[in-house]
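One letter stands for each residue in the lines below.
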Amino acid sequence: MKRVLAALGAALLCASGGAALVAPAVDQALVESDAMPAKLSAFGLFRGNDPKTPSTGIGYTLRAPLFSDYTDKHRFVSIPAGKKAKVGSDGVIEFPVGTVLVKSFGWSDVNDGRPVETRLLIRRASGWTALPYIWDADGKDATLALGGRRVPVAFKSPDGEAHSIRYAVPNKNQCKECHSLGGEIVPIGPKARNFILDPAASDKLRSLYFENPAGLKPSMPQWDDPKSGSVADRARAYLDVNCAHCHNPAGSASNSGLFLRWTDDPAGVNYGIGKRPTAAGRGSGGMEFAIAPGEPDHSFLIYRLESTDPGIAMPEVGRSTVHREGAALLRQWIAEMPKASH
Amino acid sequence: MRFHGLRHAATLCIVAACAASPAAAKVISVSATTPDANEKLQEALILAAPGDTVQLGAGVWKLTDGLSLDVANVTVRGAGAGEGGSILDFTGQQGAGEGLLVTSDDVFLTEFAVLNTRGDGIKSKGADRIVYHKLRVEWTAGPKETNGAYGIYPVESSDVLIDSVFVRGASDAGIYVGQSKNIVVRDSIATENVAGIEIENSYDADVHDNIATKNTGGILVFDLPSLPMQGGHNVRVFENIVNDNSTPNFAPKGNIVASVPTGTGVLVMANRNVEIFDNVFADNSTANVMIVGYRYEHKDPKYQPLPKQIVVRGNQHGKAGYAPKFPGGDMIAAAMGGSIPPVLWDGAGDAIVLDKVGVLSLNLPDVKTPQSEAKPAPADLSKGTPPAALPTIKLPESMEAKVK
């Protein structure tokens, strides 16, 4: 009898995360509480707290990712046992309460490839919560940074150019600025047309976490793969992911009247073509239109994408570097538009 | 004329001390000299609970990143907006489109200054019942094209109070209220901005007892196409001093305010039911009051580009129209003996001017007609029947209580 009790005690210890020797489990009670733990390890999302080895869940990538200063992003989703995500007919993925979307940001040539920060988007009963964690210097754990922080980093972009920036880890509110729809936090990337489950994941694993994994049809063009779509289609995919989270009628930039969703009419004035600046200030760069067909150098959408000045740059948060390859695609798209008659 | 600002100054200290607060409310104090003050202040703004006050210590805060508040019913209170107060200095700003962004309801901002932001000064979006009070937003080097666009910038909000603020140097509008409803801007000073005070694409606003001086244009009431909220109407501009708006336009080209002629007092563009009364105008070299249609090309079938039912009455007019800065203005002034009348109308829409001063019409009733085809001539706009007077804007008591 005593031995049974001892075994039970050990099991309880494991469950509470008190013993590091056994396989960790996600602390689901903590995930679903209102808590904002100071240390990322408290959630038990990683094995041995190694950001590259999730303790549970399934990895994913995106057809068109949001540009964040050339960071490599490692993403996975942790879904509580016995619950499943569901792909809606509108392509929106419905995640159950207790889900955590985990996204780690880093560069291969910074900290030996270890991430600088890990952002959590947690589905709680009250809605989604965003929590930013910055990895400690020893790389063993990450610490909550509600107020955000500037982290100096030096890295090379794919074209070989060296960058030395003060990378901005967003604060909790800035997470919401991008992730807001009608005042509520929502995930940005995970939509059926953009969401790619880890190709190595078995059908069994997919079905374990998704009610209808076949509903995930990543159909959006890949902005940097010419085989995946025309220049215009890839430009629109780029705008959808990089801009439309704010530039939609219920987003943070609703008042601008510039709406850049994949589903918006790309010929309409609200898509920016022939649209005069609203509240753009210096962002207009002395130009008359967001997009002047045929004239990328007279389109202030390009001017804002190619600036890192906080009074000019778009997006307003999350970028301290110009995404040259993305800007080049948009330049080509605008250059190929027939010039307006005016 | 009455100036609440002066009255408030005398009684403020007493009233503030008695203000009751809910039992659970707490004060979160943050010091300007805390290491990582930027991060600590942002944390305080995140961790504040409804009812709380975030108290900004006195001193100069050197900030590199924009701040934001997303918790309802929070007060952000400093130790004053002037020298020795709580000065949020964004001269070294590296990120964010504004100095402070508020996205929650029932927020009270009072007694601090925001300086030299790269973009806008203080913006509130979808923040109902916000109160801006005794604040200073300033670009300290004065008018420069590289200054941020808006100083105080509430947008998409219902019930907005801007009371006793000082704004200087904005490269667009010092005080800008956009796409909002039920608005009061009072007892404030806007100087050396492109537009001093601007009410744009908004409904139901009272702009009164302000001083708009040395801007390019003093007070603007605009409506623009292709925006979610348009059809601006019911705006009263009264008992303001609007003088010497003589700063050359320094707005970045392309922005609508870049077209405002230097020396404009009050400018109404494409709104309906705007009343301009009991103001004191002087030394506005283009015009004391200008009423125009939206004359740019647009593709918005729902947009109404004409000014309609504009009433101008009971104003005092000092010198005006002696150096009109619109195309051809100097020639018209020369032909009229050196200056044009203090009220200028492009001839689009309709207006009633009961002030005993001259009105110059450009006789361009169709907004599609280019301004080069203007046929300037004096006009008598005193004959029509003015529409019923607009009611006084009433804000919820909870808002007025905050500034009493």
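Residues numbered from 1 in each chain as written. Chains lettered and ligands numbered in written order. Predicted model: local features only at pLDDT ≥ 70, side-chain atom pairs only at ≥ 80, totals over all residues. Heavy atoms only, no water.

A. Looking closely at the nonpolar core. All names here are of chain B. Of all hydrophobic cores here, the largest spans 68 residues; its most connected members are Leu88, Leu109, Phe112 and Ile276. Among the domains, domain 1 (1-138) and domain 2 (188-393) are the pair contributing at least three residues each to this core. The contact partners of Ile276, leaving out residues within four places of it in the chain, are Val237, Val266, Val268, Phe281, Val289, Ile310, Val311, Val312, Arg313 and Asn315. (Core = buried A, V, L, I, M, F, W, Y, C linked by side-chain atoms within 4.5 Å. Buried < 20%, exposed > 50% of the residue type's maximum accessible area, 1.4 Å probe, protein only. Domains from an automatic or database assignment. Contact = heavy atoms within 4.5 Å.)

B. Geometry of the pairing of strand β8 (residues 108-115) of chain B. All names here are of chain B. Counting buried positions along β8 gives eight out of eight residues, so the element sits mostly inside the fold. Sheet topology note: the strand β6 (residues 86-89)/β8 ladder contains three bridges and is parallel. By the bridge assignment for β8, Leu88 is matched with Val114. (Helix = DSSP H or I, 4+ residues; strand = E, 2+ residues; numbered from the N terminus. Pairing = 2+ DSSP bridges.)

C. Seen up close, the pattern of salt bridges. Under the definition given, this model contains 30 salt bridges over all chains. Arg193 of chain A serves as the salt-bridge partner of Asp240 of chain A, at 3.5 Å between the closest nitrogen and oxygen. One end of the pair, Asp240 of chain A, is in helix α5 (residues 231-242); the other, Arg193 of chain A, is in the loop between β12 (184-185) and β13 (195-197), with 47 residues separating them in the sequence. Asp240 of chain A sits in the buried class, given a relative accessible area of 9%. Note that Arg186 of chain B and Glu400 of chain B form a salt bridge whose closest N and O atoms lie 2.9 Å from each other. Here Arg186 of chain B is found in strand β15 (residues 181-186), whereas its partner Glu400 of chain B is found in helix α4 (residues 397-403), with 214 residues between them in sequence. A relative accessible area of 10% means that Arg186 of chain B is categorised as buried. A relative accessible area of 17% places Glu400 of chain B in the buried class. When salt bridges with common partners are traced through the structure, they connect Arg136, Glu138, Arg168 and Glu192 of chain B into a single cluster. (Salt bridge = Lys/Arg side-chain N within 4 Å of Asp/Glu carboxyl O.)

D. How the structure looks around the sheet that holds β13 of chain A. All names here are of chain A. If you trace the seven strands from one edge of the open sheet to the other, you get β8-β7-β6-β5-β2-β1-β13, paired in antiparallel fashion. Taken across any chain shown, the strands that pair with only one partner, and hence form the sheet edges, are β8 (142-144) and β13. The mean inter-strand angle of the sheet, taken between neighbouring strand axes irrespective of direction, is 30°. In this sheet, strand β5 (residues 100-106) lies alongside strand β2 (residues 72-78) in antiparallel orientation, the contact comprising seven bridges. (Axes fitted to C-alpha atoms, helices over the stretch in contact; angles between N-to-C directions.)

E. Spatial organisation of the sheet that holds strand β7 (residues 95-102) of chain B. Spatial strand order, β4-β7-β9-β11-β14-β17-β20-β23-β26-β29-β31-β32 (chain B): 12 strands in an open sheet with mixed pairing. Only two strands of the sheet have a single partner each, and these edge strands are β4 (65-69) and β32 (377-379) of chain B. Across the sheet, the mean angle from the axis of one strand to that of its neighbour is 20°, orientation sign disregarded. Sheet analysis places strand β9 (residues 120-125) of chain B next to strand β11 (residues 150-155) of chain B, joined by four bridges and oriented parallel. Across the sheet, Lys123 of chain B pairs through a bridge with Tyr153 of chain B, a residue of β11 of chain B. Packed on one face of the sheet, helix α3 (residues 172-179) of chain A meets β4 and β7 of chain B and runs near 80° to β4 of chain B.

F. Here's a closer look at unusual backbone geometry. In this chain, Met314 of chain A is followed by Pro315 of chain A through a cis amide linkage whose omega measures -10°. With respect to the helices and strands, Pro315 of chain A occurs in the loop between α6 (300-305) and α7 (324-335). For Asp204 of chain B, which is not glycine, the phi dihedral falls at a positive 65°. Inspection of the secondary structure puts Asp204 of chain B in strand β18 (residues 203-208). Even without glycine at this site, Asn363 of chain B takes up a positive phi of about 55°. Secondary-structure assignment places Asn363 of chain B in the loop between β31 (359-361) and β32.

G. Representation of the domain arrangement of chain B within the structure. Examined at the domain level, chain B breaks down into domain 1 (1-138) and domain 2 (188-393). Centre-to-centre, using C-alpha coordinates, domain 1 of chain B lies 33 Å away from domain 2 of chain B.

H. Fine view of the packing of aromatic side chains. Residue and element names in this part refer to chain A. Counting across every chain of the model gives 19 aromatic pairs over all chains. Their ring planes at 75° and their centres at 5.8 Å tell us that Phe46 and Phe76 sit as a pair that is edge-to-face. With Phe46 in the loop between α2 (28-32) and β1 (58-62) and Phe76 in strand β2, this pair connects stretches of sequence that are 30 residues apart. Neither residue differs from the other here; Phe46 and Phe76 are each classed as buried. Arranged with centres 5.0 Å apart and planes meeting at 85°, the rings of Trp107 and Tyr167 form a pair that is edge-to-face. Note that Trp107 is positioned in the loop between β5 and β6 (117-124) and Tyr167 in strand β10 (residues 162-169), a separation of 60 residues in sequence. On the basis of relative accessibility, which here comes to 2%, the residue Trp107 falls in the buried class. Judged by relative accessible area, Tyr167 falls into the buried class, the value being 1%. (Phe/Tyr/Trp six-rings, centres within 6.5 Å; stacked < 30°, edge-to-face > 60°.)

I. Region of the structure containing the interface of chain A and chain B. The interface of chain A with chain B comprises 42 residues on the first partner and 40 residues on the second. With both chains or domains summed, chain A and chain B bury close to 3200 Å², and 47% of this area falls on carbon and sulfur atoms. Of all residues in chain A, Asn255, Arg282 and Pro310 of chain A give up the largest surface area on contact with chain B, accounting jointly for 20% of the area buried on that side. Summed over the shared surface of chain A and chain B, the result is 21 residue pairs in polar contact (both at pLDDT 80 or more). Taken together, the elements giving at least two residues each to the side of chain A that touches chain B come down to β9 (149-156) and α3 of chain A. For the side of chain A that touches chain B, the element with the most residues is α3 of chain A, which contributes five residues. For the side of chain A that touches chain B, a count of residues per class yields 11 nonpolar, 19 polar and 12 charged. (Buried area = accessible area lost by both parts, 1.4 Å probe. Polar contact = N/O pair within 3.5 Å; in protein donor to acceptor, adjacent residues only side chain to side chain. Nonpolar A, V, L, I, M, F, W, Y, C, P; charged D, E, K, R; others polar.)

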